[in-house]
Amino acid sequence: RAHLPGAGIFQCSITGLSFEVKSAVTIFYKYASWTRHLSKADQEMWVPAGPLFRIEVQPGVVQAVRLPHFVCLAEDTNTSLCSIAHFESGKMTLEKPTRLIPFSAVLENPSFSLLGVLWRRLRSTLNSLPMHSLVLIFQQLCAAKTTLHLYLIPDDNSVKQAIEKQEMNWNSKLIPKPPPFSPLFFGCVYRVTSTDCVVITPEAHLPFCYKSPKEQQLFVEIYIRNMTEEIELLMTDTRNDTVVWRASLRSGRTAGPSCADFMKKHKTDLCSRMRQLSTILLHLRDANVINSDEEEEVQGQDTSQRRNRVLLELAEKKGLEAQEQLYQILRVKDPYLISDLENSS
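Thresholds, definitions, all that
Residues numbered from 1 in each chain as written. Predicted model: local features only at pLDDT ≥ 70, side-chain atom pairs only at ≥ 80, totals over all residues. Heavy atoms only, no water. Domains from an automatic or database assignment. Contact = heavy atoms within 4.5 Å. Buried area = accessible area lost by both parts, 1.4 Å probe. Salt bridge = Lys/Arg side-chain N within 4 Å of Asp/Glu carboxyl O. Polar contact = N/O pair within 3.5 Å; in protein donor to acceptor, adjacent residues only side chain to side chain. Helix = DSSP H or I, 4+ residues; strand = E, 2+ residues; numbered from the N terminus. Nonpolar A, V, L, I, M, F, W, Y, C, P; charged D, E, K, R; others polar. pLDDT = per-residue confidence, 0-100. Phe/Tyr/Trp six-rings, centres within 6.5 Å; stacked < 30°, edge-to-face > 60°. Buried < 20%, exposed > 50% of the residue type's maximum accessible area, 1.4 Å probe, protein only.

### With respect to the domain arrangement of the protein chain
1) Next: When the domains of the protein chain are assigned, the result is domain 1 (2-120), domain 2 (130-249) and domain 3 (259-344).
2) Next: Look at where the C-alpha atoms of domain 1 and domain 2 centre, and you get two points 28 Å apart.
3) Next: The interface is formed by 17 residues belonging to domain 1 together with 15 residues belonging to domain 2.
4) Next: Interface of domain 1 and domain 2: buried area, both sides summed, is about 1,400 Å²; carbon and sulfur atoms make up 67% of it.
5) Next: Linking domain 1 with domain 2 are zero salt bridges.
6) Next: Across the contact surface, domain 1 and domain 2 share five residue pairs in polar contact (both at pLDDT 80 or more).
7) Next: When residues of the side of domain 1 that touches domain 2 are traced back to their parent elements, those giving at least two are helix H1 (34-37) and strand S5 (46-56).
8) Next: Element by element, the count of residues in the side of domain 1 that touches domain 2 is highest for S5, at four residues.
9) Next: Partitioned by chemical class, the residues of the side of domain 1 that touches domain 2 number 10 nonpolar, six polar and one charged.

### Comments concerning the confidence of the model for the protein chain
1) Next: Put simply, the protein chain has an average pLDDT of 87, and 94% of its residues get 70 or more.
2) Next: Element-level mean pLDDT values for the protein chain span from 75 in helix H4 (residues 257-265) up to 96 in strand S6 (residues 62-68).
3) Next: Across residues 253-257, confidence stays below pLDDT 50; counting only partners more than four residues off in sequence or on other chains, it has 15 contacts.

### Notes on the packing of aromatic side chains
1) Next: Counted under the stated rule, the structure contains 12 aromatic pairs.
2) Next: Ring geometry for phenylalanine 19 and tyrosine 29: centres 6.0 Å apart, planes at 50°, overall tilted. Of this pair, phenylalanine 19 sits in strand S3 (residues 18-21) while tyrosine 29 sits in strand S4 (residues 25-32); the two residues are 10 residues apart in sequence, bridging distant segments of the chain.
3) Next: Note on phenylalanine 19: relative accessible area 4%, which makes it buried.

### Looking at unusual backbone geometry
1) Next: The omega torsion across threonine 201 and proline 202 is -5°, close enough to zero to call that bond cis.
2) Next: With respect to the secondary-structure elements, proline 202 resides in the loop between strand S18 (199-201) and strand S19 (205-207).
3) Next: Backbone geometry at serine 89 places phi at a positive 55°, although glycine is not the residue there.
4) Next: One can find serine 89 in the loop between strand S7 (82-88) and strand S8 (91-95).
5) Next: With relative accessibility at 75%, the residue serine 89 sits in the exposed group.
6) Next: Positioned with a positive phi, phenylalanine 103 is a non-glycine residue whose angle comes to about 75°.

### Overview of the pattern of salt bridges
1) Next: The final tally for this structure, using the stated rule, is 10 salt bridges.
2) Next: Residue glutamate 232 pairs with arginine 246 through a salt bridge whose shortest N-O separation is 3.2 Å. You can see glutamate 232 sitting in strand S21 (residues 230-237) and its partner arginine 246 sitting in strand S22 (residues 242-250), a full 14 residues away along the chain.
3) Next: Judged by relative accessible area, which is 22%, glutamate 232 ranks as partly exposed.
4) Next: Note that glutamate 294 is salt-bridged to lysine 318, the shortest N-O span being 3.1 Å. Linking glutamate 294 in helix H7 (residues 292-299) with lysine 318 in helix H8 (residues 304-318), this pair joins segments that are 24 residues apart in sequence.
5) Next: For lysine 318, a relative accessible area of 37% translates into the label partly exposed.
6) Next: Three or more residues are tied together by salt bridges with common partners; here these are Lys267, Glu313 and Glu316.

Listed below in structure tokens is the structure:
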């Protein structure tokens, strides 16, 4: 839920969804599943090019909505194949976007229910449609030695957040890495290799495709028996053996008392810079670290800095396990803050 205080353009930092409104308004929105609403026949003709949203808002207030998409427009892409799907009473209608810009499709004077960006499939162009993508790497903290999960997904926040939630349930931490060097292509297969001796299962090949956030996402497991100072991972396009992504992994922090040391050392910075508190509290509730009364105590503070301080002190009182859980949640929800604080140490 977003309460917009007046006329202007506002963007959600979590979803990338943006609204241009002419007066104050409250908007409700959440992710929906393409596979639940797109019929089998429609899936043969259309490919999702961004998240599907369920949006509820007072009619007539929103002048334009910007729906996020992950198609790369920098390579002479045929934008006439883009449409915005509108689902109402179980039926899909298609609208042409008012304009298409990098990372968003703009629709003026919209009506709302279920909205998302689709791209028309053409057999001759399926593999030539360039997509922005992400590589996500998670380290399983409870697994033997160093065990990693590597995902290759379109740059879709709904998919990314579904993976993060699942990996948190598996007690994993995100290892932030940059995206591929250039756009990738649906229908193509990319091979994961390493300059060092690692075991990759079930196989080193990952097909690049769209899977709904509700579905199990494809990943490869990378097992490193002896983690040296640095290991390099590579991803290559199997069509031409071109390297499309490269990253280095360095041995370092995993779990244990060092997390408590980190939280104590950077308490002042965390108080002033920690964001997305409601989401953090929700994850702590799900992990049975805090109860509803403690959540209410944190939310009842009059400033964000005070709320953050009360939460940090609460985790400190509960001991090492609670601080470890909070630390791992922060690694997933705000990896750049944690990375910045670690590099400043």
